[in-house]
Every structure is written in C-alpha cells, then in structure tokens.
Amino acid sequence: MFKRVLIANRGEIAVRIIRACREMGIESVAVFSDVDRRALHVRKSDHAYHIGPATASESYLNIDKILDVAKRSGAEAIHPGYGFLSENAGFAKSCRDAGVKFIGPTPESMEMMGSKTRARQNMKKAGVPFVPGSEKGMEYEATEKMAAEIGYPVMLKAAAGGGGKGMRLVHKPEDLRSAFENARSESKRAFGDDEVYIEKAIVNPRHIEMQVFGDEHGNVVYLGERECSVQRRHQKVLEEAPSPIVDADMRRRMGEVAVRVAKAANYQNAGTVEFLVDQQNNFYFLEMNTRLQVEHPVTEFVTGLDLVHLQLRVAAGEPLPFRQEDITLRGHAIECRVYAEDPDNNFFPSPGQITRLISPSGPGIRRDSGMYEGWTVPIEYDPLLAKLVGYGETRAQAIQRLERALYEYFVGGIKTNISLFRRILKDPDFRAGNIDTGFLERLLATKITEHNPQHELIATIAAGIFATIDPKATFPGGDGLPAPANGDAAPEPSNWRRIGRVEGMRAR
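Each value, and the rule that gives it
- Residues numbered from 1 in each chain as written.
- Predicted model: local features only at pLDDT ≥ 70, side-chain atom pairs only at ≥ 80, totals over all residues.
- Heavy atoms only, no water.
- Buried < 20%, exposed > 50% of the residue type's maximum accessible area, 1.4 Å probe, protein only.
- Helix = DSSP H or I, 4+ residues; strand = E, 2+ residues; numbered from the N terminus.
- Pairing = 2+ DSSP bridges.
- Salt bridge = Lys/Arg side-chain N within 4 Å of Asp/Glu carboxyl O.
- Core = buried A, V, L, I, M, F, W, Y, C linked by side-chain atoms within 4.5 Å.
- Contact = heavy atoms within 4.5 Å.
- Axes fitted to C-alpha atoms, helices over the stretch in contact; angles between N-to-C directions.

## Notes on the pairing of strand β8 (residues 196-200)
A regular strand places its side chains so that they alternate between the two faces of the sheet.
1) Next: With four of its five residues buried, β8 lies for the most part within the structure.
2) Next: Pairing analysis gives five bridges linking strand β6 (residues 154-158) to β8, with the strands arranged antiparallel. The residue of β8 that forms the bridge with lysine 157 is tyrosine 197.

Right, here's the structure in full:
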C-alpha cells in the first residue's frame, strides 16, 4: 500500500479522499492555488503545497507543477478526484512516465472512452446498444443528411464533451445550422476540440448510470445503478440509488452491458457507464466516465462499500475482494448537490464569505463538505460546496430524512440552492418516481403558489436569534443601528437592547 498520496484536486472531493487516506494510514498531500490557501482540504491534509494563481490552467490543470509537487513531497501515487485532470489521458501517461501511480484507469482506456465518437465505434464492435446516430464528427452537409435519415428531434454533441457543454437539442430542420455552429463553437472553447456528432434525441428519457469497478487482474463487476434524471441544462442536480424504475432483471441486464463496455476498454479502477432509458425501459449506451463520480456516496450507502478505499487498493495492485454474486443492494439513498448559487435569480453564482453555518446531522444523514464558517467561497471554480445524502430502508424514508436535514441546514452570507431541494422533494411526481431529464425544467417553469404563514414567523425568530448571537454579523452597525457614515467603529450593542429583542421573540 502507498505511504503517501497526492490529491490533485480541491473542495469536498479532496476532503473526501483525505479522509479515506487517513483511515488507511496513508499520508495525504494537498495542492492549492492562491485563493485556496485557507481551504478546508489544505487544513485537513498532512502536507500542503502551493501550485500557483487562481486560474486553473496555472494551478490545478498544470501537469508539470503537480508532478513537481509529487516529486518534492515523495508522493507515490496521485488521486485526481473528479473534474480538472481526472479524465486527462495525457496526465495519466505523464504520471506513469514519472514513476507515480495514477489512481484511475490506464491512459489507453481513457483515450478509448474519452472521445464519445471513438467510444461509440468501439462499443458497436462490442455489440453494445446505443442511440442511432453518427460514429464520428461530420461537417454540416453530412450532419443535415443524417438528421433527415434518423428523424427529428436530434441531439448534437461535442465528441470531447461533458457537463452539458457543446450539446444542442434540435426540433426542426431550420434550426439545425445555427445549433451546429453554436455546438462547435462552444466545444472548441470548452475542450479545444470542435468535433460534433449527431444522434437521435430520445423524448423524455431517464438518465441512469451503472457503477463498475475493475482491478488489474482482469476482474470487473457492477455495483448497481444510480438515477440521475434530475438535471438542469444537462448537469446533474440530484441523484439516487437504486433507480425507482429498475427491477432486478433490468439491473442485471444493464450491469452485464456495463461490464462488457468496461472489458472492451480493458478498464481498471472506478468507472461509470451511462445510459439513456426510453419510456418503454429500453436502455442505450451514452458514454463512460473514466473516474470517480460526484454521486458515488449513494452507491456507497446501498452497497456498504467504500469506493475510495477500493480505488486505493486496486491502484496498489490488490484484486477486488468480492465477486459479482457477493454484491447486494440494501435500502435507498438520495444525494443533493449544494451549490453557491441563487435559484431565485436564474442560478446566479454567489461567492463570498460564509458568515454562519449550521450543518444537519441525525440518523441516515451524510454530508461531504468543503466549506466551513468564515471561509470565503471563490468565484474561480465550480460552485459545488457540499453533498447532502439521505439514506433509509425505503425511498420514502430516505426522502423524509433528507427533508428534515434540509430544514436543519443553514448557510449564511451567501446564497445556496438548498431551497430548491426542499421544493423537489415535496413534488408529487418526484415522490412517485415519475421523473425524466426534463423534470426539473418543468418544475422550475411553474410558479410557487403555496403560502405558509408560519414561514414569516420562522424568519423573524431566526433573525432575532442570529442578531442576539452576533449582531454585527446580521446588521451593518451592530444591534440594528446604521453603520456610522464617518467610518468609525459601530457602537457596541447595549444589554437592554439585546434583552429586549430576546423578550420580544418570546412574546411572539
């Protein structure tokens, strides 16, 4: 087993990996940019190294700097987390050339599955079902011809894409050219590659993915599915395991196809095979993510396995400690991705200092977080702050526990999307499992008409409590007084004002 591992990432996933390392007796090495000097992953790690300015290309995406830190720190392996360099085959090859173990698949597997068009070509050879469309990028005239052949609506996708970038849904021929040009332009900006391919758009599909795991001895297993249909602009917002519509037979068939995909790529370590599922529960290969997924905690809950522990053990050359028949799913888990953004203002980013933080806990609740009270959320990176997961014996119990936890959660000083999850969990269609990739957009298009008179009372009491605890954090001048215009320090609140406010709250 490794003695020291470098985590080439930041935020909650870096903290998650650091915890796994500590449990296994492995020293952790963190890297950080200028704006992350006070980040939680830096505080939690055993060693930390500065790698450059806030711009990702000069820090977290700079392969030479990260490998230099690995050499100076004596790290034997590098865990890329997700995002940044996690699916960069060049980085994985550079690690191998430098004699540092990359905790993930081989560069060859990543190259095979990293391009969606190349993956489609290889999966066709392996007999894997996928959505009708092109197997390579095409110029506009060929794209127009294929669109007419497979029929509208069609989906244009970036071959090197991910996260919804370079994707365009086209409903009619007259919109194809502008969508094609926009998709190519966005793909070029996001990935440095303007290859775009076309496929038949499945109307109201579900997005279901299968977790797979392979070792270096040829063993590959599937660990159950995750329902990822609650999305906004092709980006996942809420995930759960297992899927409400997948029964044992469908799970077995999807799992066997996912294993076939992984074996065709000679895949090692953690990976995810994604499928689109139509309204008749037919499933089609979409793509493979060659890394640990953001939503891996829901799989950990229902399988009882620690996927990061497994990643480290497999990377160290150990065989998988179980066979396919040993895997059983128990209970239900749902994950909410908590972002620093304002759902009431078109999801506008909300960086800034966290002035107050109250974290949920209790039975069946897990919180993977990269934030703490007093920390300043930077604007330079993805706004994911934390993942809140609820687990129960049934889906209904998981929803109940998660609802309770969301009402316990408070993040002051910035906006978050916590209120959005309360709305999702209360929705009758979500509770019934009637969801698809258009569910959230439809929900957001409806106005909130419910009015609860208790909300005003709760808000008043909460404001009073926070003002009593620390008036300066709530009011500009402390004790509710306006800040002095001359720049002098605000007056200290008097005791009679504080006591009067507390008594006033009691009177309500």
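Here the narrative resumes, following the displayed structure.
## Quick word on the pattern of salt bridges
1) Next: The final tally for this structure, using the stated rule, is 40 salt bridges.
2) Next: Two residues, aspartate 97 and lysine 93, come together in a salt bridge whose shortest N-O distance is 3.2 Å. Linking aspartate 97 with lysine 93, this pair stays in helix α4 (residues 89-97), spanning four residues, or about one helical turn.
3) Next: Classification of aspartate 97 by relative accessible area gives exposed; the value is 58%.
4) Next: With relative accessibility at 39%, the residue lysine 93 sits in the partly exposed group.
5) Next: The salt bridge partner of arginine 206 is glutamate 227, with a shortest N-O separation of 3.1 Å. Placement of arginine 206 in strand β9 (residues 206-214) and of glutamate 227 in strand β10 (residues 220-232) is noted, with a sequence separation of 21 residues between them.

## Considering the nonpolar core
1) Next: Leu6, Ile78, Ile424 and Phe430 are the most contacted members of the largest nonpolar core, which has 65 residues in total.
2) Next: Filtering out sequence-adjacent residues up to four positions away, phenylalanine 430 remains in contact with Val230, Leu238, Glu240, Ile334, Arg395, Ile399, Ile424, Leu425, Ile435 and Phe439.
3) Next: Counting 31 residues, the second-largest nonpolar core is a separate cluster that includes Met24, Leu307, Leu312 and Tyr339.

## Section: the sheet that holds β8
1) Next: Judged by pairing direction, the sheet is antiparallel, and its three strands sit side by side in the order β7-β6-β8 without closing on themselves. Edge positions in the open sheet fall to β7 (168-170) and β8, since each of these has one partner strand only. Within the sheet, the average angular offset between the axes of one strand and its neighbour, ignoring direction, is 25 degrees.
2) Next: The sheet strands contacting helix α8 (residues 176-191) are β6, β7 and β8, and the helix crosses β6 at an angle near 25 degrees.

What is shown is where atoms sit, not what they do.
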